Protein chains: 2
Amino acid sequence: MIELLEQVRQGQIRAIARLITRVENSPAAAEQAIQALYPHTGQAHIVGITGSPGAGKSTVVNALVQTLRQQEARVGIIAVDPSSPFTGGALLGDRVRMRDLSGDPGVFIRSMASRGSLGGLARATASVIKILDAAGFDYVLVETVGAGQAEVDIANAAQTTIVVEAPGMGDEIQSIKAGILEIADVLVVNKADRPGADRAVRALKMMLHLGPVGGTRQHGRLSSAPSSENGNMQPGWDIPVLETVATEGKGMSELAEMLGRHMAYLRESGEWLKREKERSWREVEMLLQLRFMSQFQASVPTETRDLLLTAVAQREVDPYTAVNQLLSKTESE
Amino acid sequence: MIELLEQVRQGQIRAIARLITRVENSPAAAEQAIQALYPHTGQAHIVGITGSPGAGKSTVVNALVQTLRQQEARVGIIAVDPSSPFTGGALLGDRVRMRDLSGDPGVFIRSMASRGSLGGLARATASVIKILDAAGFDYVLVETVGAGQAEVDIANAAQTTIVVEAPGMGDEIQSIKAGILEIADVLVVNKADRPGADRAVRALKMMLHLGPVGGTRQHGRLSSAPSSENGNMQPGWDIPVLETVATEGKGMSELAEMLGRHMAYLRESGEWLKREKERSWREVEMLLQLRFMSQFQASVPTETRDLLLTAVAQREVDPYTAVNQLLSKTESE
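Small disclaimer: the values here were computed from a predicted structure and weren't measured.

Enquirer: Give me helix α13 (residues 302-313) of chain B: which residues, what numbers.
Expert: Residue and element names in this part refer to chain B. Taking 1.5 Å as the rise per residue, α13 with 12 residues should run 16 Å; its terminal C-alpha atoms sit 16 Å apart, in good agreement. The set of residues buried in α13 consists of L308, L309, V312 and A313. Down the axis of α13, the smallest arc covering the buried residues is 140 degrees, so these residues share one side. Along α13, the residues that are exposed and aim more than 90 degrees away from the buried face are E303, T304 and L307. Positive phi appears at R315, one or two residues downstream of α13, with a value of about 65 degrees.

Shown next as structure tokens:
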């Protein structure tokens, strides 16, 4: 393991891939690897990219990576989007865009299966981000879709979150409004050569102008997290709305520049430390919950649990009373 | 509270609305209400309805409710979809469909804000389902969108999950494949009068025929849940693909009938008890986690936590070591 970690630190692509697989398969390996690599993290710019299916998000990722590569930056890509060409999409033959990047030694692509628990997915993604960060990538792009809990968790792991939309998405505007605007640091209207682009830009700017839509940046499940009270409103940062035509590379240098400006803003304003503390809290909390639950499960016999759950299922015992009974059993031991 | 609970049991609409608001705002009220009402639950048929935005899901819900009302069934609707006319959609003027239902005393509509933690949303939805169940509704329809963790959590709370698609969704098929098929008990191709409907039906049937797409029905975050091993494959239940034109009410009586058939199947096969036990486990687990975390937070001074998180944010301490330090502090007290 120690040799593998050393190779990862040197940025060796095959070592990185091997370590990620190990970490995904073994919580003990994850603990060992993250403990060793953690002091070397905090250097990469972690960028979340999300948006509606059909907005051309993957094309934006692809074009942005090419722009960053021209600037000699090394880029890691984590694709957790089932419709991404890097993951599920590739199954349906859309491997072309991936091929543009995959021969490049300065690019590392990892797709995360959305199988199994999505909580587990967020956890695994957090580990892969740290591995790529410690391996010396300048940017780690995390591509997700939608506005579900997984996306919010992953956006929370990013320092800059880009939300990609396209003209003519119609009803989609509603879902943006409801959830996605709250996590955006940079908005992109892709396919800006299509009719309706101006209207889409205006609509987004109007929403931004109206301020946070009654909500706050979402922070996992416990409200006790040390959180910013005023949503994703960042004093000193006006969320920009950029127009791009990713298939032609248009607007990409502006987008890359905006990433740099946002990072500079985060560092200068103290927002960086605030976000890192929030991220740290969510991560520690998640590890605590896992620890508690595994200790608890080890202390209650399976048969006891099964009998009680059958009683709950049959409405003989309510869930709150079941919890009290389980806790009194472990405490009396 | 006791009088309010009695009025809820009698199905009084205003009492139900008042209790839901109280339960949403106070965990203590939730505990008291659920403990009292729980023995009276288990009667309603809990139906989850999800699908891609644009598939006409809300129109299907509306038409299905009208069909169920013609059969004299009382129907509760919980809308947790930001693009639903019952929630966010209504803001953009799409109140028409809601108006069709809202004058009817046999229908109760509650929209759940997707603000704040989505984990909290799943918890609140579980409570509202129980309240409507105990209030004597024959059906509780839970409308969600997408395939995120929230939708999976909510689908897990349902006895029957309907997934609505429409022809010509193109890439959407991929996201169905990745996540939604795993939670479907009944598939609906809505807008079946449009070109491509036959192809969509064939594609879905083919996917069903191929069996579970390498995955299993998703079960929250701990793999230790007593779970079915073979995905959403239910021996003795062939997942049907129904064609509907919800705007004209076409296919709705077939859909209503299918709900009855699925419930009969669940009861006869023993699947009902199995699912209820799984649901019970997830609920008990969630309550346990909340209990653990609040006990833990009470035992660690805020300053201690804040210092440690700052150290984690600044890469002086890794998250695993932070957890060990926090736990050793609480255990030594």
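Enquirer: Break down unusual backbone geometry for me, with residues and values.
Expert: Residues and elements named next belong to chain A. Even without being glycine, E72 reaches a positive phi, approximately 70 degrees. Tracing the backbone shows E72 in the loop between α4 (57-70) and β2 (75-79). One non-glycine residue, R315, lies in the positive phi region at around 65 degrees. Mapped onto the secondary structure, R315 falls in the loop between α13 (302-313) and α14 (319-331). Accessibility expressed as a C-beta count within 10 Å gives 15 for R315, which makes it partly exposed.

Enquirer: Summarise the domain arrangement of chain A; cite the residues concerned and give the values.
Expert: All names here are of chain A. Under the domain assignment, chain A is made up of domain 1 (1-39), domain 2 (41-270) and domain 3 (300-331). Residue-level contacts link 14 residues of domain 1 with 12 residues of domain 2. Those elements giving two or more residues to the side of domain 1 that touches domain 2 turn out to be α1 (2-9), α2 (13-25) and α3 (27-37). No other element matches α2, which puts 6 residues into the side of domain 1 that touches domain 2. Partitioning the side of domain 1 that touches domain 2 into residue classes produces 11 nonpolar, 1 polar and 2 charged.

Enquirer: Could you give an account of the pairing of strand β1 (residues 45-51) of chain B, with specific residues and numbers?
Expert: Residue and element names in this part refer to chain B. For β1, the buried fraction is high: 7 of the 7 residues fall into the buried class. Of the two faces of β1, both are covered, the one formed by H45, V47, I49 and G51 as well as the one formed by I46, G48 and T50. Here β1 runs beside strand β4 (residues 139-143); their pairing, made up of 5 bridges, is parallel. The residue of β4 that forms the bridge with I46 is V140. Looking at chain direction, β1 and strand β5 (residues 160-165) are connected through 5 bridges and run parallel. Across the sheet, residue G51 finds its bridge partner in β5, namely V164.

Thresholds applied
Residues numbered from 1 in each chain as written. Chains lettered and ligands numbered in written order. Predicted model: local features only at pLDDT ≥ 70, side-chain atom pairs only at ≥ 80, totals over all residues. Helix = DSSP H or I, 4+ residues; strand = E, 2+ residues; numbered from the N terminus. Expected span 1.5 Å × (residues − 1). Buried ≥ 20, exposed ≤ 12 C-beta atoms within 10 Å, placed from the backbone. Arc of directions from axis to C-beta. Domains from an automatic or database assignment. Contact = placed C-beta atoms within 7 Å. Nonpolar A, V, L, I, M, F, W, Y, C, P; charged D, E, K, R; others polar. Pairing = 2+ DSSP bridges.

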